[in-house]
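Coordinate analysis (summary)
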Amino acid sequence: MQKSRFWVVGGEYTSCDCESLIQGTERVVGPFESRTEAEHTWRLLSEDHRPQAQVRFTIAQEPPSALSA
């Protein structure tokens, strides 16, 4: 059985549409072996940036096939 890894990614966007990141604000945190670990970090980052409407983070799951390459 192949396991997936999880990453928390995001940063500050140019508008509230969250379509384009401002260069230099990108953040990639991980990898995490479980979604629960990634969610914990996601919550901390999201709470730290709550007053900033244009900052957003999300959890990305790495496809299992990427680990076997």
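Here is a short report on the structure shown in this document. (Residues numbered from 1 in each chain as written. Predicted model: local features only at pLDDT ≥ 70, side-chain atom pairs only at ≥ 80, totals over all residues. Heavy atoms only, no water.)

**Things to note about the overall build of the protein**
Rules: Every helix listed is a DSSP run of H or I at least four residues long, and every strand listed is a run of E at least two residues long, numbered separately from the N terminus. Only protein chains enter the calculation, and the probe is 1.4 Å; a residue is then buried if its accessible area is under 20% of its type maximum, exposed if over 50%, and partly exposed in between. Two residues qualify as a contact provided that any one of their heavy atoms is within 4.5 Å of a heavy atom in the partner residue. Residue burial considers only the protein chains on display, and all accessible areas are found by Shrake-Rupley using a 1.4 Å probe.
In terms of regular secondary structure, the protein is built from 2 helices and 3 strands. In the protein, which comprises 69 residues, the share counted as buried stands at 22%. Put simply, of all contacts in the protein between residues at least 6 apart along the chain, 61% involve residues at least 24 apart. Of the roughly 5000 Å² of accessible surface on the protein, a fraction of 49% belongs to carbon and sulfur atoms.

**Re the nonpolar core**
Using the following cut-off: Only buried residues count toward a nonpolar core, which is a set of Ala, Val, Leu, Ile, Met, Phe, Trp, Tyr and Cys residues joined through side-chain atoms within 4.5 Å.
Counting residues in hydrophobic clusters, the biggest one holds 8 residues: F6, V8, F32, A38, L45, V55, F57 and I59. Secondary-structure elements contributing two or more residues to this core are β1 (6-12), α1 (35-48) and β3 (55-61). It is β3 that contributes the most residues to this core, 3 residues altogether.

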